[in-house]
Amino acid sequence: MKPKILFNEVVTRDGFQMEPEFVPTDHKVALINALSQCGYAKIEVTSFTSAKAIPMLRDAEEVMGRIERVPGVEYTVLVPNLRGAERAMESRPDEFNLVMSTSETHNLANLRMPREHSFSALREVIERYGAQVPINVSLSACFGCPMEGDVPQAEVMQWAQRFADLGVRGLTICDTTGMAHPQQVAQMCDVLRSRFPALQLTLHFHNTRGMGLANVLAAAQSGIDRFDGSLGGLGGCPYAPGASGNISSEDAIHMLDAMGYDTGMDLGRLLPIARDLPDIVGHAVPGQVAKSGRITDLHPAPPSVAELKKAFS
C-alpha cells in the first residue's frame with residue numbers, strides 16, 4: 001500500500017498575490033470555505049505583509065475573520081516579520097509561514113534585504129511566537145536561481161539547519177523559480193529526510209519548465225508526504241523570468257490518486273471549484289484536469305462506432 005500524501009492549498013495567498021486585478025474579499029472567503037470541504041491538510045489563507053507591498057492581499061484580517069473553519073484543516077498565514085506576526089495573531093492562525101531565499105541575489109530582489117537580515121527578522125518571530133503558534137519556514141530558490149545559477153545543496157541544508165535549531169515545526173523546500181529536475185529533487189529529498197526526520201517536510205514546486213508533476217512524483221517516491229499546490233496552477237515568481245505558476249493542485253492530486261497514493265482529497269468536489277476559478281480571476285488558468293476531466297471520466301462513443309460494430313459483426 002502506498003503512503004498517504006497530504007496537500008496544502010496556496011491559491012488564495014501565493015496564487016492571488018500575483019493577480020493583476022484585486023480578487024474581491026467575498027470571492028476569497030467563498031473559495032476558502034469551498035476548499036475547506038475537499039480534504040486539504042492546510043490552506044494558506046493570506047499574507048500579513050503590508051498592503052503597500054502586496055495590495056492584492058490587503059484584506060487579510062477580514063478574510064481570516066470571515067472564513068468558516070473546518071476541524072482537521074489548518075489555516076496558515078504568511079508573516080514577513082515581527083510586525084506582520086503581531087497583526088496576524090489577532091486572526092488566530094493555526095500556523096505561521098515564514099519565507100526567505102537560499103539565494104542571496106533572489107533574496108535581495110524579492111525581499112530587498114540580505115539573507116542574514118531576513119534570518120534575523122524571522123528569528124525574532126520564532127522567538128516571540130514560537131511557543132504560541134506552530135511555525136513553518138519556506139526556503140525559496142532551493143533548486144536554482146535564475147540570476148546566480150545553481151544553489152548548492154549544502155547551502156540549502158545550512159539554512160534549513162539554522163531554522164531547525166530554532167525549533168520550528170516544519171520546513172518547506174521551494175522550487176520558486178521552476179529550475180528543479182527529478183534527479184535533483186530525489187537527491188535533495190533523501191538528504192532532507194535523513195537530516196530532519198522529526199520535522200514536517202513539505203515540497204513546493206513550480207511548473208515553469210513543465211517538470212512540476214515529474215518533480216512531485218520524484219519527491220513522493222523518495223518518501224515526502226506533504227506538498228503545496230495552487231488551484232488551477234495560479235501563481236509565479238516575479239524574479240524568475242518566464243516563470244509560470246505553481247503546480248496545479250488538482251493535476252498533482254489526480255496523478256497521485258491514479259497511481260494508488262492516498263491523498264485523502266475529494267477530487268470530485270475539487271474539480272468544479274477549479275472550473276469556476278477562471279471566472280473569479282477573469283482569465284484562463286493552466287490546470288489541465290479541470291478542462292479534460294479525470295482519466296476515469298469516460299465519454300460515449302460517436303454513433304459511427306455502433307454502425308461499424310454492426311458492419312463487422
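Notes on the structure in this doc start here. Values in this document were obtained by computation on a predicted structure and should not be read as measured data.

Examining the overall build of the protein chain
Link 1 in the chain: Along its length, the protein chain carries 13 helices and eight strands.
Link 2 in the chain: In terms of overall size, the protein chain behaves like a compact globule, its C-alpha atoms giving a radius of gyration of 20 Å where 313 residues would be expected to give roughly 20 Å.
Link 3 in the chain: Over its C-alpha atoms, taken along the principal directions, the protein chain stretches across nearly 75 × 40 × 35 Å.
Link 4 in the chain: Here the protein chain holds 313 residues, and the buried ones make up 52% of them.
Link 5 in the chain: Put simply, of all contacts in the protein chain between residues at least 6 apart along the chain, 74% involve residues at least 24 apart.
Link 6 in the chain: In the structure as shown, the protein chain presents an accessible area of about 13,700 Å², 52% of it carried by carbon and sulfur atoms.

Some thoughts on the pairing of strand E8 (residues 226-229)
Link 1 in the chain: Along E8, one buried face is formed by Arg-226 and Asp-228 and the opposite face, lined by Phe-227 and Gly-229, is buried too.
Link 2 in the chain: As paired elements, strand E1 (residues 6-9) and E8 share four bridges and run parallel to each other. In the strand pairing of E8, Glu-9 is matched with Gly-229.

Quick word on the layout of surface pockets
Link 1 in the chain: In this structure, the largest pocket spans a volume of roughly 1,100 Å³.
Link 2 in the chain: In terms of lining residues, the largest pocket is bounded by 46 residues, among which Gln-17, Ile-54, Leu-78, Asn-110 and Leu-111 are the most central.
Link 3 in the chain: In terms of residue count, the dominant contributor to the lining of the largest pocket is helix H5 (residues 104-111) (four residues).
Link 4 in the chain: Considered class by class, the residues forming the lining of the largest pocket number 19 nonpolar, 20 polar and seven charged.

Topic: the nonpolar core
Link 1 in the chain: Core analysis: the biggest nonpolar cluster contains 87 residues, and Phe-96, Phe-163 and Phe-227 have the highest contact counts within it.
Link 2 in the chain: Tallying contributions element by element places helix H11 (residues 267-281) first for this core, with seven residues.

Focus on helix H8 (residues 182-195)
Link 1 in the chain: A rise of 1.5 Å per residue sets the reference length of H8, with its 14 residues, at 20 Å; its end C-alpha atoms lie 20 Å apart and thus fit the reference within 8%.
Link 2 in the chain: In the core, the buried residues of H8 are packed alongside helix H7 (153-164), strand E6 (170-175), strand E7 (200-205) and helix H9 (212-221).

Here we look at the environment of Cys-237
Link 1 in the chain: Mapped onto the elements of the fold, Cys-237 is located in the loop between E8 and helix H10 (249-258).
Link 2 in the chain: Classification of Cys-237 as buried rests on a relative accessible area of 6%.

As for the side chain of Thr-102
Link 1 in the chain: With respect to the helices and strands, Thr-102 occurs in the loop between strand E4 (95-101) and H5.
Link 2 in the chain: Its relative accessible area of 1% is what places Thr-102 among the buried residues.
Link 3 in the chain: Side-chain polar atoms of Thr-102 contact the backbone oxygen of Ser-140, separated by 3.0 Å.
Link 4 in the chain: Within the structure, the side chain of Thr-102 is placed 3.2 Å from the backbone oxygen of Ala-141, a separation counted as a polar contact.
Link 5 in the chain: Not counting residues within four places of it along the chain, the set of residues in contact with Thr-102 comprises Arg-115, Leu-139, Ser-140, Ala-141, Cys-142, Val-151, Glu-155, Val-156 and Trp-159.

Criteria and cut-off values
- Residues numbered from 1 in each chain as written.
- Predicted model: local features only at pLDDT ≥ 70, side-chain atom pairs only at ≥ 80, totals over all residues.
- Heavy atoms only, no water.
- Helix = DSSP H or I, 4+ residues; strand = E, 2+ residues; numbered from the N terminus.
- Rg over C-alpha atoms; globule rule 2.2 N^0.38 Å.
- Buried < 20%, exposed > 50% of the residue type's maximum accessible area, 1.4 Å probe, protein only.
- Contact = heavy atoms within 4.5 Å.
- Areas by Shrake-Rupley, 256 points an atom, 1.4 Å probe, with all protein chains shown as cover.
- Pairing = 2+ DSSP bridges.
- 1 Å grid on protein atoms, 1.4 Å probe; cavity = no way out; pocket = protein on both sides within 12 Å on 5 of 7 lines; lining within 4 Å.
- Points joined across faces, edges and corners; volume = space filled by probe spheres on them.
- Nonpolar A, V, L, I, M, F, W, Y, C, P; charged D, E, K, R; others polar.
- Core = buried A, V, L, I, M, F, W, Y, C linked by side-chain atoms within 4.5 Å.
- Expected span 1.5 Å × (residues − 1).
- Polar contact = N/O pair within 3.5 Å; in protein donor to acceptor, adjacent residues only side chain to side chain.

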